[in-house]
Amino acid sequence: MEINPIALLLAAIITLVVGFIWYHPSVFGTIWMKENNLTQEELKTGNMLKIFGLTYVFSLMITMTLMSLTIHQSGAIGMVGGPPLIEKAQPSFRAFMADYGTAYRTFKHGALHGFMSGLFFAFPVIGINSLFERKSWKYIFIHAGFWIVTLTLMGGIICGFA
């Protein structure tokens with residue numbers, strides 16, 4: 001199973017693209033700013049290179065996790081010790097990969113697993129943090145919605161093209 005690193009690099013950009021749209025003032029940005037007691041002026045004071053740069057690095061970390069959640073063959077590769085040990089794997093591994101090496105490797109399948117990751121992992125994490133921070137349900141749904149959409153698209157790209 002070959003991995004396309006370009007697809008992983010592109011999938012990581014999804015966080016920035018969806019964030020640009022999602023948090024735009026004409027979509028959810030105005031509500032998000034109100035829920036955080038932020039103004040446009042305050043948002044302009046941040047170090048944008050640092051914010052966008054670290055966002056991309058964190059997004060690359062997410063792609064690595066999503067790869068194992070969306071590409072089922074990752075489990076088989078893990079069972080033989082990872083990519084460095086594939087050549088030493090038993091013949092049964094090669095037979096398995098010959099039969100199932102491309103099974104469920106579609107955008108649609110990855111999007112499903114990305115959606116499930118957003119709904120059953122990101123949403124609860126955001127919900128727990130937000131409840132303890134005394135944030136509103138609007139705040140929770142804005143952020144959870146962002147991550148559900150983002151992880152859906154990232155999962156689709158990773159599974160379909162990586």
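Our structure is the block above this text.
Thresholds, definitions, all that
Residues numbered from 1 in each chain as written. Predicted model: local features only at pLDDT ≥ 70, side-chain atom pairs only at ≥ 80, totals over all residues. Heavy atoms only, no water. Helix = DSSP H or I, 4+ residues; strand = E, 2+ residues; numbered from the N terminus. Buried < 20%, exposed > 50% of the residue type's maximum accessible area, 1.4 Å probe, protein only. Contact = heavy atoms within 4.5 Å. Areas by Shrake-Rupley, 256 points an atom, 1.4 Å probe, with all protein chains shown as cover. Lys, Arg positive; Asp, Glu negative; His and termini not counted. Charge placed at Lys NZ, Arg CZ, Asp CG, Glu CD. Phe/Tyr/Trp six-rings, centres within 6.5 Å; stacked < 30°, edge-to-face > 60°. Lys NZ or Arg CZ within 6 Å of the ring centre and 35° of its normal. Axes fitted to C-alpha atoms, helices over the stretch in contact; angles between N-to-C directions. Parallel < 35°, antiparallel > 145°, perpendicular 65-115°, else oblique. Left-handed = near helix turned anticlockwise from the far one by under 90°. Nonpolar A, V, L, I, M, F, W, Y, C, P; charged D, E, K, R; others polar. Expected span 1.5 Å × (residues − 1). Bend = angle between axes of the 7 residues up to and from the residue.

Trainee: How would you sum up the overall build of the chain? Please name residues and give values.
Mentor: Helix and strand content of the chain: eight helices and zero strands. Ordered by position from N to C terminus, the α and β elements of the chain give α-α-α-α-α-α-α-α. In terms of principal-axis extent, the alpha carbons of the chain reach across some 60 × 30 × 25 Å. Relative to its 162 residues, the chain shows a buried fraction of 35%. Long-range contacts, defined as pairs at least 24 residues apart, comprise 78% of the intrachain contacts of the chain with a sequence gap of at least 6. A total of about 10,100 Å² of accessible surface is found on the chain, and carbon and sulfur atoms cover 72% of it. Side chains of the chain carry 10 positive and 7 negative charges; the gap between the two charge centres is 4 Å.

Trainee: Can you lay out the packing of aromatic side chains for me, pointing to particular residues and giving the numbers?
Mentor: For any pair of aromatic rings, geometry is given as the distance between the ring centres together with the angle between the planes. Applying the stated criterion to the full structure yields seven aromatic pairs. Note on F146 and W147: the rings are 4.9 Å apart at their centroids and 75 degrees apart in plane angle, and the pair reads as edge-to-face. Under the relative-accessibility criterion, F146 is labelled buried at 5%. Residue W147 is classed as partly exposed on the basis of its relative accessible area, which comes to 23%. Residue placement shows K135 over the ring face of Y139; its charged tip is 5.2 Å from the ring centre.

Trainee: Quick one: what's the story with the environment of L66, residue by residue and with numbers?
Mentor: Along the chain, L66 falls in helix α4 (residues 48-70). With sequence-adjacent residues up to four places away left out, L66 is seen in contact with I71, G114, S117, L151, M154, G155 and I158.

Trainee: Hey, could you go over unusual backbone geometry for me, with residue numbers and the actual values?
Mentor: Not every positive phi belongs to a glycine, and N37 is a case in point at roughly 55 degrees. In this fold, N37 is placed in the loop between α2 (25-35) and α3 (40-43). You can call N37 exposed: its relative accessible area is 66%. Located in the positive-phi region is Y104, a residue other than glycine, with phi close to 60 degrees.

Trainee: Residue-level account of the packing of helix α7 (residues 107-132) against helix α8 (residues 137-161), with values.
Mentor: One way to put it is that α7 packs onto α8 with a least axis distance of 6 Å and a crossing angle of 150 degrees. As far as their axial angle goes, α8 and α7 are roughly antiparallel. Two packed elements cross with a definite hand, and for α7 against α8 that hand is right-handed. Its residues assigned to classes, the contact of α7 with α8 comprises 20 nonpolar, twelve polar and no charged.

Trainee: Account for α7, naming residues and giving values.
Mentor: Because each turn of an α-helix spans 3.6 residues, side chains separated by three or four positions end up pointing in the same direction. Between its first and last C-alpha atoms α7 spans 36 Å; for 26 residues at 1.5 Å apiece the expected length is 38 Å, and the two agree. Its maximal kink placed at G118, α7 deviates by approximately 30 degrees. Residues of α7 that are buried include every one of H109, G110, A111, H113, G114, S117, G118, A122, I126, G127 and S130, and no others. In this structure, the buried side of α7 is in contact with α4 and α8. In the segment just after α7, R134 is the residue with positive phi, at about 65 degrees.

All quantities given are derived from atomic positions and should not be read as evidence of function.
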